[in-house]
Amino acid sequence: MSESQRPSPAAGDAPQSHNAVVTGQFGPQASAYLTSANHAQGADLEQLAALAQTRPAAQLLDLGCGAGHVSFFAAPHVARVVAYDLSPDMLGVVADEAARRGLANIVTQQGAAESLPFEDASFDLVFSRYSAHHWADVGAALREMRRVLRPGGRVAICDVASTGQPLFDTYLQAVEVLRDTSHVRDYSLGEWLTMAAGAGLCVVSLTPRTLELDFRTWTTRMRTPEPMQVAIRALQAAMADDVRRHFKIQPDGSFTLDTFTLELAVG
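Summary of the structure given here.

Definitions and limits used
Residues numbered from 1 in each chain as written. Predicted model: local features only at pLDDT ≥ 70, side-chain atom pairs only at ≥ 80, totals over all residues. Heavy atoms only, no water. Helix = DSSP H or I, 4+ residues; strand = E, 2+ residues; numbered from the N terminus. Buried < 20%, exposed > 50% of the residue type's maximum accessible area, 1.4 Å probe, protein only. Contact = heavy atoms within 4.5 Å. Areas by Shrake-Rupley, 256 points an atom, 1.4 Å probe, with all protein chains shown as cover. Pairing = 2+ DSSP bridges. Right-handed = clockwise from strand over helix to strand, strands pointing away. Phe/Tyr/Trp six-rings, centres within 6.5 Å; stacked < 30°, edge-to-face > 60°. Lys NZ or Arg CZ within 6 Å of the ring centre and 35° of its normal. Axes fitted to C-alpha atoms, helices over the stretch in contact; angles between N-to-C directions. Parallel < 35°, antiparallel > 145°, perpendicular 65-115°, else oblique. Left-handed = near helix turned anticlockwise from the far one by under 90°. Core = buried A, V, L, I, M, F, W, Y, C linked by side-chain atoms within 4.5 Å. Arc of directions from axis to C-beta. Polar contact = N/O pair within 3.5 Å; in protein donor to acceptor, adjacent residues only side chain to side chain.

### Considerations on the overall build of the protein
Next, step 1: Broken down by element type, the protein carries 12 helices and seven strands.
Next, step 2: Residues classed as buried in the protein amount to 51% of the 267 residues present.
Next, step 3: Within the protein, contacts between residues separated by at least 24 positions form 76% of all contacts whose residues are at least 6 apart in sequence.
Next, step 4: Just so you have it, the protein exposes about 11,600 Å², and 55% of that area is on carbon and sulfur atoms.

Have a look at this one:
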């Protein structure tokens, strides 16, 4: 049986925690994320690197680091980077690639975003890119970011954004979870601002963007089972014209997503 045809858990299987689902989804394809063009480049990465350049003595936390692209972009500009992720396989990829690139100031540590194993005021910068939609409790994670941030520090988060419109939101969450069962939620910008304020963080800047996704690459990277791919395509075909226009859904299933970079400071 190929990886793309892996079976879903049977109804009688032992239940898994959400964190176990996340590590199970991402561990086997850690290397695919290292070579993913969507993850290895982009204006958002350049924006994070530019922020890192302003703080050459910084201790930086790359939260939910995945294959480490934020760490690799930021490491030449700061004193130290802690690449932090749930997946030991992802962290192995980061460590190997950091060594290959000669980035000796990157260290790895395993753990969840909602419970950071660091002292208060440990970091000058906390960055997170395309990870938060997998977190079980974003509010708790933001409070942890605030706790480990030094006075005058900055948090920067890049992620997919919901429009907040119910029809578009229902479609977005549906295709996301069909493609990846570890998906929790793409939040609207309004929800992000509310959660940030609740964590004691205020907005420094907000940069909206769009991300173009090739359907075959997007599903192959996550090893999405064929029945789930068929369901996504059927949903795309069945949605109203305004949904197809907003997400720019193409005949081959490719589409665009709304994204953002949110820079925060202590309020």
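Next comes the rest of the write-up.
### Points about the pairing of strand S5 (residues 149–160)
Next, step 1: Here six bridges tie strand S4 (residues 123–129) to S5, and the two strands are oriented parallel to one another. Following the sheet pairing, Leu-125 is matched in S5 by Arg-154.
Next, step 2: As for the winding sense of the linkage, the β-α-β connection from S4 through helix H7 (residues 138–148) to S5 is right-handed.
Next, step 3: Here S5 pairs with strand S7 (residues 255–266) via six bridges, running antiparallel. The partner of Val-160 across the bridge, within S7, is Thr-259.

### A short note on the packing of aromatic side chains
Next, step 1: In the structure shown here, the tally under the stated rule is eight aromatic pairs.
Next, step 2: Taking the centre distance of 6.1 Å and the plane angle of 55° together, the rings of Phe-215 and Trp-218 count as tilted. On the criterion of helical spacing, the pair formed by Phe-215 and Trp-218 is a turn pair, its members being three residues apart in helix H10 (residues 215–221). For the pair Phe-215 and Trp-218, a shared accessibility class is recorded, and that class is buried.
Next, step 3: By way of ring pairs, the aromatic residues Tyr-84, Phe-118 and Phe-123 are connected into one cluster.
Next, step 4: Across from the ring centre of Phe-215, 5.5 Å away, lies the NZ or CZ of Arg-233, which sits over that ring.

### A look at the packing of H7 against helix H9 (residues 189–198)
Next, step 1: It is the contact of H7 with H9, at a shortest axis distance of 9 Å, that shows an interaxial angle of 45°. Compared by their axis directions, H7 and H9 come out oblique. Between H7 and H9 the crossing geometry is right-handed. Every residue of H9 that contacts H7 at Val-138, Gly-139 and Leu-142 is listed here: Trp-192, Met-195 and Ala-196.

### Considering the nonpolar core
Nonpolar side chains in soluble globular proteins tend to be buried together.
Next, step 1: Counting 29 residues, the largest nonpolar core has Leu-61, Leu-63, Val-126, Leu-142 and Trp-192 as its most contacted members.
Next, step 2: Of all the elements in the fold, those that place two or more residues in this core are strand S1 (59–63), strand S2 (80–85), S4, H7, S5, H9 and S7.
Next, step 3: Of all the elements, H7 adds the most residues to this core, at five residues.
Next, step 4: Beyond its immediate chain neighbours, meaning those up to four positions away, Leu-61 contacts Val-82, Tyr-84, Leu-116, Phe-118, Phe-123, Leu-125, Val-126, Phe-127 and Val-148.
Next, step 5: Core analysis: the next-biggest nonpolar cluster, separate from the first, contains 23 residues, Leu-45, Val-70, Val-78 and Phe-127 among them.

### Some details on H9
Next, step 1: Listing the buried residues of H9 in full gives Trp-192, Met-195 and Ala-196. Along the axis of H9, the buried residues cluster in a sector spanning 100°; they form a single face. Exposed residues on H9 whose side chains face more than 90 degrees from its buried face are Thr-194, Ala-197 and Gly-198.
Next, step 2: Packing partners of the buried residues in H9 comprise H7, S5, strand S6 (201–213) and S7.
Next, step 3: Gly-200 lies just past H9 and shows a positive phi near 85°.

### Quick notes on the side chain of His-183
Next, step 1: Inspection of the secondary structure assignment puts His-183 in the loop between helix H8 (166–179) and H9.
Next, step 2: A polar atom in the side chain of His-183 sits 2.9 Å from the side chain of Gln-173.
Next, step 3: In contact with His-183, not counting residues within four places along its chain, are His-133, His-134, Gln-173, Glu-176 and Val-177.

### Brief notes about the sheet that holds S4
Next, step 1: Read from one edge of the open sheet, seven strands run S3-S2-S1-S4-S5-S7-S6, paired in mixed fashion. Across the chains shown, the open sheet's two edge strands, defined by having one partner strand only, are strand S3 (106–110) and S6. Within the sheet, the average angular offset between the axes of one strand and its neighbour, ignoring direction, is 15°.
Next, step 2: Where H9 meets the sheet, it contacts S5, S6 and S7, and its direction lies at approximately 20° from that of S7.

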